[in-house]
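Letter by letter, the chains look like this.
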Amino acid sequence: MNPDALAPWASDPRRSRGRRIVEAAAPPRNEHQRDRDRIVHSTAFRRLVYKTQVFLNHEGDLFRTRLTHSLEVAQLGRSAARALQLNEDLVEALALAHDLGHTPFGHAGQDALHACMLEHGGFEHNLQSLRVVDELEARYAAFDGLNLCFETREGILKHCSRRNAERLLAAEPGHPAQRFLTGTQPSLEAQLVNLVDELAYITHDIDDGVRSGLVTMAQLGEVPLVARFRDEVLAEHPGLASKPGRRLLFETLRRVVSALLGDLVDTTAGAIREHCPRDAEAVRAAPTLARLSEPVRAQCAELKQFLFAQLYRHPQVVQSTSLGRTVVAELFSAYSEQPHQMPEDFAFAADRHRAVADYIAGMTDRFALREHHRLTGRRLFD
Ligand code: MG
């Protein structure tokens, strides 16, 4: 994209704060495009295809995985970025990288790994995403990780405790974690991806929930945001109610996503007009500018509550993810006792527990199951 078509408050790759290790420019690509390409070519990115979002990977071929979720976030993010004249390349890079640090088996896997690591610094998927691109990818001759630009690393690090921020800054002055000590914001592109991530999952999880049979259209009628668009669709296409298939659901969700994205663009444009940041640096000192309007934010919160009650805490989802928890915990004990069961670069690491966590976090669901069977002789899933 032409950097001159960007708004003054957009991230301009020509003004990037740069990489930890200086590299020559690579025309015709700019620095943000280059980061996006490095992410797409990474090993961690390819693994996302076999990592659980909500439903375990082997439960069905059509559910979202971390990969399809990341692609949907990129797609929505780019639409919003273009409408707001923000940097689409940076938005795409951040969307594709935002879940790289997720463990197998979704949040249950992360909770299990965090419990195993409590005495050894803990485990947090967001910090892990940064660790993947900063340290763990081993593809370049001259450095560990992908040596991404500051702006990409800043956007990947969405949350960070004070303690971790202090630790990261001690090792690297100017680390993107600094903003968690100064209370400042990341770029508008990072703020946008953060919000769009949420819009993507609350809408696609409804789709997956209905597909799985755990959520019904009748239950969805209790959610005002969904009911409004379902009624609108039925008023225009009364025959859809009795048609087989899920066309009514898809048409409803399509309209929900458009409405949410439209609200995000309008509200954010309003916040930008109000605060009028003179450049991308001024965005960091301003309050959060990527926003939803208050009524839509409240409706999204309602939808999230519905998903927690009806889907994420559904006994069937809880049962399969708790088996995932057991797999992670037992893998952790097995590798901690016998590090030689891991590949050499993990087996001989100085910090054994961190190496075990890194190795497990990188696994796909199905590789974790195979390893669990190899090391324990038990199969927890049929
Ligand atoms: Mg996500």
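Refer to the structure printed above.
Summarised in this report is the structure supplied together with it. (Residues numbered from 1 in each chain as written. Predicted model: local features only at pLDDT ≥ 70, side-chain atom pairs only at ≥ 80, totals over all residues. Heavy atoms only, no water.)

### Structural notes on the packing of aromatic side chains
Under the counting rule described, the total for this entry stands at four aromatic pairs. For the pair Y140 and F143, a centre-to-centre distance of 4.9 Å together with 20° between the ring planes defines the contact as stacked. Seen from their ring centres, Y335 and Y359 are 5.3 Å apart, and the 70° between their planes marks the pair as edge-to-face. One end of the pair, Y335, is in helix α16 (residues 315–337); the other, Y359, is in helix α18 (residues 352–361), and 24 residues separate them in sequence. The rings of Y335, F346 and Y359 are connected pair by pair, giving a single aromatic cluster. Sitting over the face of the ring of Y50, R366 holds its NZ or CZ atom 3.7 Å from the ring centroid. (Phe/Tyr/Trp six-rings, centres within 6.5 Å; stacked < 30°, edge-to-face > 60°. Helix = DSSP H or I, 4+ residues; strand = E, 2+ residues; numbered from the N terminus. Lys NZ or Arg CZ within 6 Å of the ring centre and 35° of its normal.)

### Looking at the coordination of the magnesium ion
Note on metal sites: the ideal angle is 109.5 degrees for four tetrahedral donors, and 90 or 180 degrees for six octahedral donors. Only H69 (NE2), H98 (NE2) and D197 (OD) from the protein reach the magnesium ion as donors, at distances of 2.1 to 2.4 Å. Counting residues between consecutive donors of the magnesium ion along the chain gives the motif H-x28-H-x98-D. Of this pair, H98 sits in the loop between α4 (88–97) and α5 (106–116) while D197 sits in helix α10 (residues 188–212), and the two are 99 residues apart along the sequence. This pair shows no difference in class: H98 is buried, exactly as D197 is. (Donors = N, O, S within 2.8 Å, 3.2 Å for Na, K, Ca; no water. Buried < 20%, exposed > 50% of the residue type's maximum accessible area, 1.4 Å probe, protein only.)

### Focus on empty space enclosed by the protein
Unoccupied space between atoms shows up once a probe the size of one water molecule is rolled over them. Applying the stated criterion across every chain, the model contains one cavity of 30 Å³ or more. Of the volumes computed, that of the largest cavity is approximately 50 Å³. Where the lining of the largest cavity is concerned, the elements lending two or more residues are α7 (150–156) and α10. If you tally residues by element for the lining of the largest cavity, the top one is α10, at three residues. A per-class count over the lining of the largest cavity returns four nonpolar, three polar and one charged. (1 Å grid on protein atoms, 1.4 Å probe; cavity = no way out; pocket = protein on both sides within 12 Å on 5 of 7 lines; lining within 4 Å. Points joined across faces, edges and corners; volume = space filled by probe spheres on them. Nonpolar A, V, L, I, M, F, W, Y, C, P; charged D, E, K, R; others polar.)

### Describing the environment of T326
By the element assignment, T326 lies in helix α16. A relative accessible area of 29% places T326 in the partly exposed class. Distance from T326 to G109, taken between C-alpha atoms, is 8.6 Å for residues 217 residues apart in sequence. A distance of 3.1 Å separates a polar atom in the side chain of T326 from the backbone oxygen of S322. (Polar contact = N/O pair within 3.5 Å; in protein donor to acceptor, adjacent residues only side chain to side chain.)

### Considering the packing of helix α3 (residues 66–83) against α10
The contact between α3 and α10 brings their axes to 9 Å, and the two run at 125°. Considered as vectors, α3 and α10 are oriented oblique to each other. Taken as a pair, α3 and α10 cross one another with a handedness that is right-handed. Contacts between α3 and α10 pair H69, E72, V73, L76, G77, A80 and A81 from the former with L192, V193, V196, D197, A200, Y201 and H204 from the latter. (Axes fitted to C-alpha atoms, helices over the stretch in contact; angles between N-to-C directions. Parallel < 35°, antiparallel > 145°, perpendicular 65-115°, else oblique. Left-handed = near helix turned anticlockwise from the far one by under 90°. Contact = heavy atoms within 4.5 Å.)

### Focus: the pattern of salt bridges
In the structure shown here, the tally under the stated rule is 38 salt bridges. Residue R38 pairs with E23 through a salt bridge whose shortest N-O separation is 2.9 Å. Separated by 15 residues along the polypeptide, R38 in helix α1 (residues 31–40) and E23 in the segment before α1 bring together distant segments of the chain. For R38, a relative accessible area of 7% translates into the label buried. On the basis of relative accessibility, which here comes to 25%, the residue E23 falls in the partly exposed class. The network of salt bridges with common partners includes R29, R36, D37, R78, R82, E88, D89 and E92. (Salt bridge = Lys/Arg side-chain N within 4 Å of Asp/Glu carboxyl O.)

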